[in-house]
Amino acid sequence: MTGILQDRTVQRCIEDCLHCYRTCWSMAFSDNLQRGGEHAEPGHLSLMLNCAQLCETTARFMLSASTLHTELCALCAKVCGACAQSCAQLEGMEACEAACRACAQSCREVARFELPGTYAIDHLPTTGVQGGPPRQGIMG
């Protein structure tokens, strides 16, 4: 492993993000849809699915050693915190709430973690393609 992947805080965050992804995704589809009522309320269900997707994406950014991983971790911490708060209001959602809280904490820790050479939003390296996205990851 190289770069950010050597950091134990990042490694734990990747694990927490993937665990949160699996927990939110599976509970949204298996438990909440079957229970119905408040568990299947569109706002709550949408938040759970968005949380799951963002957790998976955040883990992928860290695994690819993206220079933008701290920005994604900051957003993931906010979404996971909101999902944990929503799950805390419903019976039987303790596993999802715990996974979201752990992921939010790990993401907050990584979001504060700055590497030398991490790019500020106004100074992103380019891909070399005019109008293209910024270069990132192990190739950047």
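Okay, so let's go over this structure.

Rules used in this analysis
- Residues numbered from 1 in each chain as written.
- Predicted model: local features only at pLDDT ≥ 70, side-chain atom pairs only at ≥ 80, totals over all residues.
- Heavy atoms only, no water.
- Core = buried A, V, L, I, M, F, W, Y, C linked by side-chain atoms within 4.5 Å.
- Buried < 20%, exposed > 50% of the residue type's maximum accessible area, 1.4 Å probe, protein only.
- Helix = DSSP H or I, 4+ residues; strand = E, 2+ residues; numbered from the N terminus.
- Contact = heavy atoms within 4.5 Å.
- Patch = residues over 30% accessible without salt bridge, like charges linked within 9 Å, V, L, I, M, F, W, Y side chains within 5 Å.
- Areas by Shrake-Rupley, 256 points an atom, 1.4 Å probe, with all protein chains shown as cover.
- Salt bridge = Lys/Arg side-chain N within 4 Å of Asp/Glu carboxyl O.

With respect to the nonpolar core
At step 1: With 37 residues, the main nonpolar core has C17, C20, C51, M62, C80, C96 and C100 as its most contacted residues.
At step 2: Those elements that provide at least two residues to this core are α1 (8-35), α2 (42-63), α3 (69-88) and α4 (94-112).
At step 3: Top element by residues in this core is α3. It accounts for nine residues.
At step 4: Each residue touching C100, except ones within four places of it in the same chain, is listed here: C20, C24, C51, C80, C83 and A84.

Section: a nonpolar patch on the surface
At step 1: There is a patch of nonpolar side chains on the surface, built from W25, F29 and L33 and spanning about 280 Å² of accessible area.
At step 2: For L33, a relative accessible area of 44% puts it in the partly exposed group.

So, the pattern of salt bridges
At step 1: This model, assessed by the stated rule, comprises three salt bridges.
At step 2: Residues R60 and E56 are paired through a salt bridge, measuring 3.1 Å at the closest nitrogen-oxygen approach. In this pair, R60 and E56 both sit in helix α2, four residues apart, roughly one turn of the helix.
At step 3: The exposure class of R60 is exposed, given its relative accessible area of 53%.
At step 4: The class for E56 is buried, based on a relative accessible area of 16%.
At step 5: Residue E97 pairs with R101 through a salt bridge whose shortest N-O separation is 3.0 Å. Of this pair, E97 and R101 both sit in helix α4, separated by four residues, roughly a single helical turn.

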